[in-house]
Structure formats: C-alpha cells, structure tokens
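The residues making up each chain are set out below.
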Amino acid sequence: MKRLLLAAVAALALNGLGSTYYVDYVNGKDDAEHGGAEGSGAWKTLAYALASPLVGANDEIVLAPGDHDFSGTMTVDKAVTIRGTGAPTETVLGNGEKLVISADEALIHSLSLVNIHKGNDDSVSLMGNSVISNAVISNVGGGNDPACGVGLSDGLLTHTVITNCPAVPFMYKGLVSLRGKAKMENCLVVGNTIEKAGAVNIRDSNVIVRNCTVADNKVKTAGAAAMIMYFGGTVANTIIWGNTDTSSAPVTADWGVATGGSTTKWTANCTSVTNGLTGVKNLEADPLFSSKEPYHIARTSPCRNKGDDTLVAPGETDLDGNPRKKGRHVDIGCYEVDGPGMSVTVR
C-alpha cells in the first residue's frame, strides 16, 4: 500500500496546504506550552490536537509511531488530514468506543484503527466527503442493533485492509455498512468472523464497491453471506471467494440478496456462483490466488485482464500502490498481477 496519498488528497480538493502539527503519545504533553511543533513541542493526544484553536481546516496532524489510545468517543470535526508515520501498522489509533469522522473533507491515512467497539452504534463512522485511505482496520465492531464495525454515510474507504474482526451479536448492518453515496475501492476484506449481515453490507442504490477482494471470511448465522445487498448499488471488478459458514461441513457463503438487493448492478466480478446476479462479464470461477503473495492473483488467474476499464480512473493504483492497469485490461480484485506486494497475515 504505497503511493496512495496523492489520489486521496486530489479527491478532497483541499484549498491550500495548511500547517502541520505533531502528536507523540509517549513523549508529548497536552498543555499551553506545547504548540504541536515537531519534537519536544509535540502534543500527547490526538483529542487535544483536534480541540486546539491552532488547528483548522486544511491542516495536517502527524501521529508518531506507536499506540495512540483514546477513551470514549473521538470526533474528527475539522477538515484536517490525520497521518500516521511509516507503514500503516506502525501507527495505531484505538482502544476507544467510537471514532466519528464528521467533518466534510477530512483525510485519515497511513495508520491502523484497532480495538474500537461501540455497543449500539457504528464503531468507526465516516461521513460527508471524508476519506480513509492506506489503513489497516482490525478488531472493530458494535454489539447491539443497530451497529456495525465501519459505517460509511457517503465518504470513501480506499486502499485499506480489514481483517481479524470478531463476530459480535446482532450487528445487522454488517461489518462494513455502506450507505448514501459511499464508495469502497481497492480494499481487502479477509479473515473476519461475521454474525449475520455480511462483511460488506450494501444499503443504498448509490453505493459503489469496486476492485475489492472479499475472501476467507466466516459466517456464523445460517443463510447469511460475506456480501449482502439490501438496496441495490454497484459491485464491480471484485473478487468474492472462499467465504464459508462455521459448520463442521462448511458451506459456501459468498453473497446474498435481501430486500431490494436484486437491483444491484454486477459488472466483471469473480465469485462462486453467478446465477442470480444482474449484470455482465461476471465470472463463476476460482480466482486462483498466488501461493507466494496472499490474495494476489496468479498469472494464470481467470481474473487477469478481465476487469472493466471504464470504471478505473487514470493513474489509479492497486492496494500495493502499483499501477492499476498493467496488461490489456484492469485485473479483477484489489491487486494487479506482478506487483511487489504487501504481505497480509490472517490469524
């Protein structure tokens, strides 16, 4: 997951670069004598930085490597960029109840969101035109209706790995709940345990899921599936494969249709069963994942060069940050063939 920031920043169309402030949970201090400067002037917590009158729209908050814990609800209500340092796994934000990104044009990138749980609401909530990019999300999820792990009411979730999220009771919106005009692109959703409403839950006709891979998730409730369509939406260039229930004789549970979901538009996807899908160029085939790089497709994969080029923006990259179109056509799934990949281990 490299070279992704330019696309995310362009999507926000920010007016100016703004100032840069620093947060260091280990060495920083939250007081008036510290103005958020790099080094000895850093603040301790992201909450203090967000509340500071010094920080405004278009500014950037850089989090030092390590764990950045918060309690209760963390609200990002300013159109700022919050950036981790180094690879996404090097900077961790979490151990709270809820992360709310309510600003219209905030950007959260290059960090991990871990151990965020809200009993009866979305644990991570993304609104407006805000973006989560180049991230790893794990161990998030609510506990009671109406809850989900990551809820998008509009906004963009891109170039992100969602893994190791446990099943919790109810969660009828699913692990990732997509509403309004939400978009999910170039994401990998693997190794999660799902109660009943899907790892990816499409809840609006304007939702778009594109160039993602949803694989090896476990469904605990009979009749449920890894991807659930409630109210239409578009699914394109996506692999949905290897998702099963948790019975002693596992049954394939890749996708399912609920009320209104029959209007979902399917274009150039690869899954176990295509009968019942409304759309074109969908493949009923094993995507043939590489034995060397998890969830990358092999050179002999039927998904290679079989995606819909019209849905991919010029200059777009895959989850590894490699050019999106390396052959005759774009590949199906979150990775293009032959890119030097970021290894994802599912435990």
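Residues numbered from 1 in each chain as written. Predicted model: local features only at pLDDT ≥ 70, side-chain atom pairs only at ≥ 80, totals over all residues. Heavy atoms only, no water.

A. Spatial organisation of the overall build of the protein. Helix and strand content of the protein: two helices and 28 strands. The burial tally for the protein puts 55% of its 347 residues in the buried class. For the protein, the share of sequence-separated contacts (at least 6 apart) that also reach a separation of at least 24 residues comes to 68%. Accessible area for the protein stands at about 13800 Å²; split by element, carbon and sulfur atoms hold 52% of it. (Helix = DSSP H or I, 4+ residues; strand = E, 2+ residues; numbered from the N terminus. Buried < 20%, exposed > 50% of the residue type's maximum accessible area, 1.4 Å probe, protein only. Contact = heavy atoms within 4.5 Å. Areas by Shrake-Rupley, 256 points an atom, 1.4 Å probe, with all protein chains shown as cover.)

B. Spatial organisation of empty space enclosed by the protein. Under the defined criterion, the tally for this structure stands at two cavities of 30 Å³ or more. Contributing to the lining of the second largest cavity are Tyr25, Lys44, Thr45, Leu46, His68, Asp69, Phe70 and Met74. Looking at the lining of the second largest cavity, its residues break down into four nonpolar, two polar and two charged. (1 Å grid on protein atoms, 1.4 Å probe; cavity = no way out; pocket = protein on both sides within 12 Å on 5 of 7 lines; lining within 4 Å. Points joined across faces, edges and corners; volume = space filled by probe spheres on them. Nonpolar A, V, L, I, M, F, W, Y, C, P; charged D, E, K, R; others polar.)

C. Region of interest: unusual backbone geometry. Here the phi dihedral of Asn58 falls at roughly 75 degrees; this positive angle occurs in a residue that is not glycine. Inspection of the secondary structure puts Asn58 in the loop between α2 (46–51) and β2 (60–63). A positive phi is found at Asn186, a non-glycine position, where the angle reads about 55 degrees. Locating Asn186 in the fold gives a position in the loop between β13 (183–185) and β14 (188–190). Asn186 sits in the buried class, given a relative accessible area of 0%.

D. The arrangement of the packing of aromatic side chains in detail. On inspection of all chains with the given rule, the structure shows four aromatic pairs. Each member of the aromatic cluster is reached from another via a ring pair, and the members are Tyr21, Trp43 and Tyr48. Above the face of the Tyr25 ring, Lys44 is positioned so that its terminal group lies 4.4 Å from the ring centre. (Phe/Tyr/Trp six-rings, centres within 6.5 Å; stacked < 30°, edge-to-face > 60°. Lys NZ or Arg CZ within 6 Å of the ring centre and 35° of its normal.)

E. Layout of the sheet that holds strand β15 (residues 193–194). Pairing is parallel in the open sheet, where three strands are placed in the order β15-β19-β23. Because the sheet does not close on itself, it has two edges, and the strands there are β15 and β23 (244–245). In terms of strand pairing, strand β19 (residues 218–219) meets β23 through two bridges, oriented parallel. Across the sheet, the residue bridging to Val219 is Asp245, located in β23. (Pairing = 2+ DSSP bridges.)

F. Spatial organisation of the pattern of salt bridges. Applying the stated criterion across every chain yields a total of seven salt bridges. For the salt bridge of Lys281 with Asp308, the shortest nitrogen-to-oxygen distance reads 3.9 Å. Taken together, the positions of Lys281 in the loop between β27 (279–280) and β28 (283–284) and Asp308 in the segment after β28 put the pair 27 residues apart, joining distant regions of the chain. Note on Lys281: relative accessible area 47%, which makes it partly exposed. In this structure, Glu336 and Arg324 form a salt bridge, with 2.7 Å as the shortest nitrogen-oxygen distance. Taken together, the residues Glu336 in the segment after β28 and Arg324 in the segment after β28 connect sequence positions 12 residues apart. The exposure classification of Glu336 matches that of Arg324, with both residues buried. Put simply, Glu185, Arg210 and Glu316 are held in one network by salt bridges that share partners. (Salt bridge = Lys/Arg side-chain N within 4 Å of Asp/Glu carboxyl O.)

G. A look at the environment of Asn243. Among the secondary structure elements, Asn243 is positioned in the loop between β22 (239–241) and β23. Sequence-distant contacts of Asn243, that is, excluding residues within four places in its chain, are made with Val214, Ala215, Asp216, Asn217, Ala226, Val251, Thr252, Ala253 and Asp254. Among the polar contacts listed, one links the side chain of Asn243 to the backbone oxygen of Val214, at a separation of 3.1 Å. One polar contact links Asn243 to Asn217, side chain to side chain, over a distance of 3.0 Å. (Polar contact = N/O pair within 3.5 Å; in protein donor to acceptor, adjacent residues only side chain to side chain.)

H. Region of interest: the state of the cysteines. As enumerated under the stated definition, the model contains zero disulfides in all. Cys187 provides the cysteine sulfur closest to Cys212, a residue in no disulfide bond, and the two sulfurs are 4.7 Å apart. (Disulfide = S-S within 2.5 Å.)

I. Broad picture of the nonpolar core. Leu99, Met184 and Met227 are the most contacted members of the largest nonpolar core, which has 59 residues in total. A per-element tally of this core places strand β10 (residues 124–140) first, with six residues. Beyond its immediate stretch of four places on either side in the chain, Leu99 contacts Phe70, Met74, Val76, Leu93, Leu113, Ile116, Ser123, Val124 and Ser125. In this structure, Leu188, Ala215, Tyr295 and Tyr335 belong to the second largest nonpolar core, which totals nine residues. (Core = buried A, V, L, I, M, F, W, Y, C linked by side-chain atoms within 4.5 Å.)

J. Seen up close, the confidence of the model for the protein. Mean pLDDT over the protein works out to 87, with 86% of the residues at or above the 70 mark. This model gives residues 1–15 a pLDDT under 50, and the stretch forms 42 contacts once residues within four places in sequence are excluded. (pLDDT = per-residue confidence, 0-100.)

K. Structural context of the side chain of Ser130. Summarising the element assignment, Ser130 is placed in strand β10. Overall, Ser130 belongs to the buried group, its relative accessible area being 0%.

L. A look at the side chain of Asn282. If you trace the backbone, Asn282 turns up in the loop between β27 and β28. Asn282 sits in the buried class, given a relative accessible area of 18%. From its side chain, Asn282 meets the backbone nitrogen of Asn269 in a polar contact 3.0 Å long. Excluding anything up to four places from it in sequence, Asn282 contacts Trp266, Thr267, Ala268, Asn269, Thr274 and Leu277.

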